[in-house]
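# Descriptive analysis of the structure
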Protein chains: 2
Amino acid sequence: MTAVEDGLRLETRERPSHGTARDLVAEAIDTGALVTVVGRCTVDYEGRASSTLGPGERLVMLKPDGAALVHTDEGQQPVNWQPPDCDHEARLADGHLVVESHRETPEEHLRVDFEAVLEVSAYGLTDERDLSLEGTEEDLRQRILDEPHLIEEGFVPLATERGTPAGAVDIYGEDAEERAVAVELKRRRVGPDAVGQLGRYVDALERDLHADREVRGILVAPSVTDRASRLLAERGLEFVPLTPTGGTADD
Amino acid sequence: MTAVEDGLRLETRERPSHGTARDLVAEAIDTGALVTVVGRCTVDYEGRASSTLGPGERLVMLKPDGAALVHTDEGQQPVNWQPPDCDHEARLADGHLVVESHRETPEEHLRVDFEAVLEVSAYGLTDERDLSLEGTEEDLRQRILDEPHLIEEGFVPLATERGTPAGAVDIYGEDAEERAVAVELKRRRVGPDAVGQLGRYVDALERDLHADREVRGILVAPSVTDRASRLLAERGLEFVPLTPTGGTADD
DNA sequence: CGATGAATATCGGGA
DNA sequence: TCCCGATGTTCATCG
């Protein structure tokens, strides 16, 4: 089976000279292609923090939206990077291909200096990027709004993202006895941080509403850690086990 | 200028047949090479959540440590991925190259189905990966341990990462009047979450120590947001502006 | 293996 | 633009 012509743009050079590599990278940046450069290089970053990386073999990706990624043979995360909206540049310095990426606000600069270039490729890519994702906190919220009794019998949601001086409450409502209820949602097992978050909202609501009005705080998540459970008890907060999808909590 | 032979392994096919692509990807996985496959594809993920991605042109990277990345032409983050320690597999299905990546604990599966393959490359990469990074929270901690007066005159650090029922305090110490002090460090401007964190530690320490002993809580960061500042005041906590590097706080 | 919190976190929504 | 919180966060460290 032979691949048919498909209109996808592609330009590749194996083991190019540094000059050829520079020209191809520079052209690809200009034409809005996605570029990969693989070779032995050093990397320097200066900006929100600063870092240096000694010689090693890596894959550098330059995206047309201005993002830059330096990947080694290990790890899901790039060892160095630059966020979108940066300006990329390819140049020769001391006979080496040097790729630089820069932005302001904040001032950040990435420099990759190649001592050997294994391959340079430029791809003209287009993507609709219509990702459909399920199992998020949003799904959990909708599930509760559809079936409020999942929280408890008589629970009535009154607002989502209700503002307080401490931040927005995921779901604000009332229980069967018309007590105010703040619900904090998490799509996965939670630790102490989520308890602190809920506690801040409850405190803020108790200040906001009349001081004599009781405010219940309910954490909704598949499960909680021991420490979080203890913190909930200390603060008089409650926990309701629930998953975004309706599956069992697999902790 | 011509690149010299450098021992770096490289295997590339432009617009290969799906069968050729499958063979090359499978061999590269076996030999521990880093693989890139560029082409038009759909992506399905099922695991901690689930997602589907319709047809589009993307770059798929398979790392020898088991990580997988699907990158579009936009964004610093991959649109889909799989963490390290997954098992990669390349197969033909309905004449299409299909790349799959799987792991257990948790059960997660990624499937990329190519309808067109623009290029397949396999790179044999090695990397020492000796990244040196400055400007981290660790740097801020060391700066304070070296010069405790940066917190205030008379401050004495007694422990780092001191355990409490609510978590570990970054720096625990005493002030000039021998009051207990909990210090929470952040390398950058902080919001309400950091105040909640510090508050939990202070509460826990006040329970741990004798109830009559006052515990001061000090947040150390380049700057704070308005809301965080208000929360600090409400809880009787303090703020000391300080950067990891000693530079000025650029908020 | 789980828990905990840092990160050049990134990303999207809202004011 | 900044603030704020979610994320299939990932990652290192510690118990």
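Residues numbered from 1 in each chain as written. Chains lettered and ligands numbered in written order. Predicted model: local features only at pLDDT ≥ 70, side-chain atom pairs only at ≥ 80, totals over all residues. Heavy atoms only, no water.

As recorded in an unreviewed UniProt entry, chain A goes by Endonuclease NucS and comes from Halosimplex carlsbadense 2-9-1. What UniProt states about chain A under its Subcellular location (unreviewed entry) heading is, verbatim, "Cytoplasm". The UniProt entry for chain A carries the following text under Function (unreviewed entry): "Cleaves both 3' and 5' ssDNA extremities of branched DNA structures." (UniProt positions renumbered as here; feature names shortened; annotations may be inferred.)

Mapped onto this structure's residue numbering, the UniProt feature "domain: Endonuclease NucS N-terminal PH-like" (unreviewed entry) falls at residues 33-129 of chain A. A helix fraction of 0% and a strand fraction of 67% characterise residues 33-129 of chain A, whose end C-alpha atoms lie 17 Å from each other. (Helix = DSSP H or I, 4+ residues; strand = E, 2+ residues; numbered from the N terminus.)

A separate point is the domain arrangement of chain A. Per the domain assignment, the segments of chain A are domain 1 (9-124) and domain 2 (137-241). Distance between the C-alpha centres of domain 1 of chain A and domain 2 of chain A: 46 Å. (Domains from an automatic or database assignment.)

This next bit is on helix H1 (residues 18-31) of chain A. Residue and element names in this part refer to chain A. Its 14 residues give H1 an end-to-end C-alpha distance of 20 Å, which sits within 8% of 20 Å, the value for a rise of 1.5 Å per residue. Among the residues of H1, those classed as buried are His18, Ala21, Leu24, Val25, Ala26 and Ala28. Contacts made by the buried residues of H1 are with strand E1 (9-14), strand E2 (34-46), strand E3 (50-62), strand E6 (87-93), strand E7 (96-103) and strand E8 (108-124). (Expected span 1.5 Å × (residues − 1). Buried < 20%, exposed > 50% of the residue type's maximum accessible area, 1.4 Å probe, protein only. Contact = heavy atoms within 4.5 Å.)

Inspection of the region around DNA strand C gives 25 residues, with Arg48, Arg189 and Thr225 of chain A together with Lys186 and Arg187 of chain B positioned closest. Sugar plus phosphate, as a fraction of atoms of DNA strand C within 4 Å of the protein: 84%. Side-chain polar atom of Asn80 of chain A to a base oxygen of DNA strand C: 2.9 Å apart, as the coordinates give it. One of the side-chain nitrogen or oxygen atoms of Glu108 of chain A is found 3.0 Å away from a base oxygen of DNA strand C. Elements that contribute at least two residues to the surface near DNA strand C include exactly strand E5 (80-82) of chain A together with helix H3 (192-208) of chain B. (Near = heavy atom within 4 Å. Polar contact = N/O pair within 3.5 Å; in protein donor to acceptor, adjacent residues only side chain to side chain.)

Note that the residue after Thr105 of chain A, namely Pro106 of chain A, is joined by a cis bond; omega there is -5°. Of note in this structure, Asp94 of chain B is not a glycine but carries a positive phi near 55°. With respect to the helices and strands, the residue Asp94 of chain B is situated in the loop between strand E6 (87-93) and strand E7 (96-103). Look at Asp94 of chain B and you get exposed, because its relative accessible area is 79%. Although it is not a glycine, Thr105 of chain B sits at a positive phi angle of roughly 50°. Of note, Thr105 of chain B is situated in the loop between E7 and strand E8 (108-124). The class of Thr105 of chain B is exposed, set by a relative accessible area of 74%.

What follows deals with the protein's contact with DNA strand D. Looking at DNA strand D, there are 27 residues lining it, with Arg187 and Arg188 of chain A together with Trp81, Arg189 and Thr225 of chain B nearest. Atoms of DNA strand D within 4 Å of the protein: sugar and phosphate make up 80%, bases the balance. At 2.8 Å from a base nitrogen of DNA strand D is found a side-chain nitrogen or oxygen belonging to Gln82 of chain B. Sorting elements by how many residues they give to the surface near DNA strand D places strand E5 (residues 80-82) of chain B first, with three residues. Grouping the amino acids of the surface near DNA strand D by side-chain chemistry returns nine nonpolar, nine polar and nine charged. (Nonpolar A, V, L, I, M, F, W, Y, C, P; charged D, E, K, R; others polar.)

On to the packing of aromatic side chains, then. Following the criterion strictly, the structure yields zero aromatic pairs over all chains and no others. Between Arg162 of chain A and the ring centre of Tyr172 of chain A, over which it is positioned, the NZ or CZ distance is 4.6 Å. (Phe/Tyr/Trp six-rings, centres within 6.5 Å; stacked < 30°, edge-to-face > 60°. Lys NZ or Arg CZ within 6 Å of the ring centre and 35° of its normal.)

The subject of this paragraph is the environment of Arg143 of chain A. All names here are of chain A. Relative to the elements of secondary structure, Arg143 occurs in helix H2 (residues 137-146). Separated by 68 residues in sequence, Arg143 and Gly75 have C-alpha atoms that sit 35 Å apart. Once residues within four sequence positions are removed from consideration, Arg143 is found in contact with Leu150, Leu242, Thr243, Pro244 and Gly246.

A few words on helix H4 (residues 226-235) of chain A. Two residues of an α-helix separated by three or four positions point the same way, owing to the 3.6 residues in each turn. All names here are of chain A. Listing the buried residues of H4 in full gives Ala228, Leu231 and Leu232. Projected down its long axis, H4 carries its buried residues within an arc of 105°, all on one side. Among the exposed residues of H4, those oriented more than 90 degrees off its buried face are Asp226, Arg230 and Ala233. Positive phi appears at Gly236, one or two residues downstream of H4, with a value of about 70°. (Arc of directions from axis to C-beta.)

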